[in-house]
Protein chains: 2
Amino acid sequence: MRDVAAAAGVSLKTVSRVVNNEPGVTGAVRERVQAAAERLDYRHNLAASNLRRSGSRTGVIGVLVQDVANSYSAGLLRALEDAMRVHDVMLVAGSLDETTARERAMVTNLISRRVDGLVIVPASPRQDYLEPEIRAGLPIIFADRAPRGIDTDSVIVDNALGAYQAVDHLLARGHRRIAVLTDSASIATADERVRGARAAFAKHGLELPGDLLVRGHADQQGAAATVHRLRELPDPPTAIFAGRNAISKGTLQALAERGERESVAVVGFDDFPMADLLQVTVIRQDVAKLGALVAARLLERIAGDTTPPIRIVLPPTLIPRGSGEIPPPAA
Amino acid sequence: MRDVAAAAGVSLKTVSRVVNNEPGVTGAVRERVQAAAERLDYRHNLAASNLRRSGSRTGVIGVLVQDVANSYSAGLLRALEDAMRVHDVMLVAGSLDETTARERAMVTNLISRRVDGLVIVPASPRQDYLEPEIRAGLPIIFADRAPRGIDTDSVIVDNALGAYQAVDHLLARGHRRIAVLTDSASIATADERVRGARAAFAKHGLELPGDLLVRGHADQQGAAATVHRLRELPDPPTAIFAGRNAISKGTLQALAERGERESVAVVGFDDFPMADLLQVTVIRQDVAKLGALVAARLLERIAGDTTPPIRIVLPPTLIPRGSGEIPPPAA
DNA sequence: TGGCCACCTGACAACGTTGTCACGTCCACA
DNA sequence: TGTGGACGTGACAACGTTGTCAGGTGGCCA
């Protein structure tokens, strides 16, 4: 900038004015400065600018999701990006892989970078470590999963309701041996889904078969293995409620391998690409809507809104596509 | 930091030393400073730090892909993230949606933020606007698509070869009426793929039927519409080469709607989630490998490597899964 | 012609850090 | 006891920018 000023024969401040498109610079001077900047390949330094006008925005938000390669996370990211772009805000994204340590590390890093806000799909069991940041006024919104140990804005999906709908759907079609596959119990969401599944059984005066509730699935392969095992039981499940994206895929994979895609009912939580072509009945969360709501709330907070935290719960929807409508063999 | 220094009864510089874990501070003093920092909720400001030690890294790279929600882009992002994480580098990601203007705008923004490097899956027809940045030493790697009008590192896939393999696969099974569906001709990749398809026909002493080459597909719906139209022709295609992810999906969707999934052969370019379960034969690009190579090159550049640009071309692989092995009806 | 005002422009300090260098203390050794 | 050196600490300037305020120029009106 100093060089540009010298080349244009003006002061630093005038270059600054031109660069920031501020008024108070004559046309001729402005052009001279622009020409010099162009000639010298001058590039404005946003970091320095933000430092000087401290208290202003950096134009960056941090987004911590489960795995950016996962279609659900990616969809959320995209929805946030679209909403933030109009405000000239960019996204720093990170995958947590359900790791508490990574969540902590990335949050610390993002805070050091003075992001304008944080969107977190938490991996850690408690988030009270964020207390000082909240107190300092950093906007933080939890997406998909509610925070624990702290009071913050959140936009989540009614997981219990979704699971209830899924299992009720299967019970209504006569299934009784319904397997429930979820991920690690340390994830609050998984607990909610199990709760919803139990509630559906209870409504029908039944109980979730203990041998068919299997938690702790980390990935597709694990889920596939479980399905193979369960189907080998003397009294195998006639229907499967897959508690997450990757678990649905593993379930389908295993059933396909066994040639049982047509005979065993499946309802999955979370829609996924190609689920329509695969005719998989799912509980769909409206990621685009969730992302839009998160972004809107975040923008309000960034704009200075200091009202008490709100908690938005979106109802999921069951999308029947065939796999969930397969009747039990006996019926 | 000033407050911490005052609270601990030391100078600014000493706090700096403690914060950066530099040697030359007695244990007692160090603890006093840490306690004060903790008590005052002090947060190190990386922007200011990077400004002071200018010339050092910001620990951020910019990644511009087609669409972060697209499984291919998301996979690339994830591969980059994994490789960069060990070097404590975070990713700022943006979706270009094949828009030249957005590419320019985001590049400008990222440069203002002094990212350590840029990974670009270009949307614009030419990238010579990056010339000054390259000259200034900013590491830029092109991924998936080669740069035009500029000489930079790039890691791309042999698109012509992939298309050749796909079409040759179909020709070898007796298909002659093979439809070739690609995206906009302004995308260099699409041209390459058409070229490869023609080469395969040429090898068999044939020519790509002019009425079956349809370019300019923007999304899944457009591709589906084309498939419906082509299949209504008096002499319809017996096989379809889908030149991209979304086009494959549109093709499958249309064929499913027509009940022709079992009778019309399909080979798609780019693997996609669930393609295995859908038994879709595809040309697979190894995104993880591509991402790893891009990251490795970028890290070398960031570390100061100034050797001439290299160009890595990865061979794609045909994965037979069923849809590409359907024979033509007559045969 | 003098005076007032609007309008441009520039000097300076400050944002939160850290590199450089100098100072002071303490210990070891001659 | 004096000297040298190692070590811990701090003062200061600088990174690239912009807010504040003061100064300078020119036009217009009395």
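Computed from a predicted structure; not experimentally measured. (Residues numbered from 1 in each chain as written. Chains lettered and ligands numbered in written order. Predicted model: local features only at pLDDT ≥ 70, side-chain atom pairs only at ≥ 80, totals over all residues. Heavy atoms only, no water.)

J.: Lay out the protein's contact with DNA strand D in plain terms, naming residues and giving numbers.
T.: Within the structure, DNA strand D sits among 27 residues, and A:Ser16, A:Asn20, B:Thr14, B:Arg17 and B:Val29 are positioned closest to it. The sugar and phosphate moieties of DNA strand D supply 60% of its atoms located within 4 Å of the protein. Between DNA strand D and the protein, one listed contact pairs a phosphate oxygen with a backbone N or O atom of A:Asn45 at 2.9 Å. For the surface near DNA strand D, the secondary-structure elements that each account for two or more residues are helix H2 (12-19) and helix H4 (46-52) of chain A together with helix H2 (12-19) and helix H4 (46-52) of chain B. Residue classes in the surface near DNA strand D are distributed as 8 nonpolar, 11 polar and 8 charged. (Near = heavy atom within 4 Å. Polar contact = N/O pair within 3.5 Å; in protein donor to acceptor, adjacent residues only side chain to side chain. Helix = DSSP H or I, 4+ residues; strand = E, 2+ residues; numbered from the N terminus. Nonpolar A, V, L, I, M, F, W, Y, C, P; charged D, E, K, R; others polar.)

J.: Which residues make up the sheet that holds strand S1 (residues 60-65) of chain A, and what values do they have?
T.: Here we have 12 strands laid out as an open sheet, ordered S11(A)-S5(A)-S4(A)-S3(A)-S1(A)-S2(A)-S2(B)-S1(B)-S3(B)-S4(B)-S5(B)-S11(B), and mixed in their pairing. Two strands in the sheet have a free side with no partner beyond their single neighbour: strand S11 (311-314) of chain A together with strand S11 (311-314) of chain B. In this sheet, adjacent strand axes meet at a mean angle of 20 degrees when their direction is disregarded. Lying on the sheet, helix H6 (residues 100-112) of chain B is in contact with strand S2 (90-95) of chain A together with strand S1 (60-65), strand S2 (90-95) and strand S3 (117-120) of chain B; it crosses S1(B) at an angle near 180 degrees. (Pairing = 2+ DSSP bridges. Axes fitted to C-alpha atoms, helices over the stretch in contact; angles between N-to-C directions. Contact = heavy atoms within 4.5 Å.)

J.: Requested: an account of the nonpolar core, with residues and values cited.
T.: Counting residues in each nonpolar core, the largest one holds 52 residues, and the members touching the most others are A:Ile61, A:Leu290, B:Ile61 and B:Leu290. Contacts of B:Leu290, omitting those with residues within four sequence positions, involve B:Tyr72, B:Leu76, B:Ala143, B:Asp144, B:Val155, B:Val157 and B:Leu314. Judged by nonpolar contacts, the second largest core, of 38 residues, contains A:Val92, A:Val115, A:Leu118 and B:Ala123. (Core = buried A, V, L, I, M, F, W, Y, C linked by side-chain atoms within 4.5 Å. Buried < 20%, exposed > 50% of the residue type's maximum accessible area, 1.4 Å probe, protein only.)

J.: Describe in detail the protein's contact with DNA strand C, supporting the description with residues and values.
T.: In the vicinity of DNA strand C, 27 residues are found, and the nearest of them are A:Thr14, A:Arg17, B:Ser16, B:Asn20 and B:Arg52. The sugar and phosphate moieties of DNA strand C supply 61% of its atoms located within 4 Å of the protein. Within the side chain of A:Arg17, an N or O atom sits 2.6 Å from a base nitrogen of DNA strand C. Contact between DNA strand C and B:His44: a phosphate oxygen at 3.1 Å from a side-chain N or O atom of the residue. When residues of the surface near DNA strand C are traced back to their parent elements, those giving at least two are H2 and H4 of chain A together with H2 and H4 of chain B. Considering only residue class, the surface near DNA strand C consists of 8 nonpolar, 11 polar and 8 charged.

J.: Please set out helix H9 (residues 188-203) of chain B residue by residue, giving values where relevant.
T.: Residue and element names in this part refer to chain B. Over its 16 residues, H9 runs 23 Å from end to end, which matches the ideal 22 Å to within 8%, given 1.5 Å per residue. Listed in full, the buried residues belonging to H9 are Thr189, Ala190, Arg193, Val194, Gly196, Ala197, Ala200 and Phe201. Buried positions in H9, seen along its axis, are confined to an arc of 155 degrees and lie on one side of it. Every exposed residue of H9 that faces more than 90 degrees away from the buried side is listed here: Ala202 and Lys203. Contacts from the buried residues of H9 go to helix H8 (159-172), strand S6 (178-181), strand S7 (213-214) and strand S9 (265-269). (Expected span 1.5 Å × (residues − 1). Arc of directions from axis to C-beta.)

J.: An account of the domain arrangement of chain A is needed here, citing residue identities and associated values.
T.: The domain boundaries assigned to chain A delineate domain 1 (2-44), domain 2 (60-157 + 287-315) and domain 3 (159-286 + 318-325). Spacing between the C-alpha centres of domain 1 of chain A and domain 3 of chain A amounts to 63 Å. (Domains from an automatic or database assignment.)

J.: Before we move on, could you go through the environment of B:Val214 and cite the residues and values that matter?
T.: Residue and element names in this part refer to chain B. Here valine 214 lies in strand S7. Judged by relative accessible area, which is 13%, valine 214 ranks as buried. The spatial distance from the C-alpha of valine 214 to the C-alpha of arginine 39 is 66 Å, given a sequence separation of 175 residues. Setting aside residues no more than four positions away along its own chain, valine 214 makes contact with Val180, Leu181, Thr182, Thr226, Arg229 and Leu230.

J.: Explain the interface of chain B and chain A residue by residue, including any values.
T.: Contacts between chain B and chain A engage 49 residues on the former and 49 residues on the latter. Together, the buried faces of chain B and chain A total about 4200 Å²; carbon and sulfur atoms form 59% of this surface. The tally of links between chain B and chain A comes to 8 salt bridges. A salt bridge links A:Glu133 to B:Arg43; the nearest nitrogen and oxygen atoms lie 2.6 Å apart. Counting across the interface, chain B meets chain A through 25 residue pairs in polar contact (both at pLDDT 80 or more). Taken together, the elements giving at least two residues each to the side of chain B that touches chain A come down to H4, helix H5 (71-85), S2, H6, helix H7 (131-135) and helix H11 (245-258) of chain B. Here the side of chain B that touches chain A is built from residues that sort into 24 nonpolar, 11 polar and 14 charged. Taken together, the 3 bridges between S2(A) and S2(B) define a ladder with antiparallel strand orientation. (Buried area = accessible area lost by both parts, 1.4 Å probe. Salt bridge = Lys/Arg side-chain N within 4 Å of Asp/Glu carboxyl O.)

J.: Lay out the sheet that holds strand S10 (residues 281-284) of chain A with the relevant residues and their values.
T.: Residue and element names in this part refer to chain A. The strand order across the open sheet formed by 6 strands is S7-S6-S8-S9-S10-S12, and the pairing between neighbours is mixed. On the outer flanks of this sheet lie strand S7 (213-214) and strand S12 (317-319), each paired with one strand and no other. Pairing between strand S6 (residues 178-181) and strand S8 (residues 239-242): 4 bridges, direction parallel. Considered in S8, the bridge of leucine 181 is made with alanine 242. Against the sheet, helix H11 (residues 245-258) contacts S6, S8 and strand S9 (265-269), and its axis sits at roughly 160 degrees relative to S9.

J.: Now, about the UniProt feature "domain: HTH lacI-type" (unreviewed entry) in chain A: what can you tell me, with residues and values included?
T.: If you check UniProt for "domain: HTH lacI-type" (unreviewed entry), the listed places come out as residues 1-53 of chain A in our numbering. The span residues 1-53 of chain A shows a helical share of 66% and a strand share of 0%, and its end C-alpha atoms are spaced 17 Å apart. (UniProt positions renumbered as here; feature names shortened; annotations may be inferred.)

J.: Break down the pattern of salt bridges for me, with residues and values.
T.: Applying the stated criterion across every chain yields a total of 56 salt bridges over all chains. In this structure, A:Glu98 engages A:Arg145 in a salt bridge whose closest nitrogen and oxygen atoms are separated by 2.9 Å. Here A:Glu98, found in the loop between S2 and helix H6 (100-112), pairs with A:Arg145, found in the loop between strand S4 (140-144) and strand S5 (153-157); they are 47 residues apart in sequence, far enough to count as distant. Taking the relative accessible area as the measure of exposure, A:Glu98 reaches 28% and is therefore partly exposed. The salt bridge involving A:Arg145 is made with A:Asp144; its shortest N-O contact spans 4.0 Å. A relative accessible area of 7% places A:Arg145 in the buried class. When salt bridges with common partners are traced through the structure, they connect A:Asp67, A:Asp97, A:Arg102, B:Arg78, B:Glu81, B:Asp82 and B:Arg85 into a single cluster.

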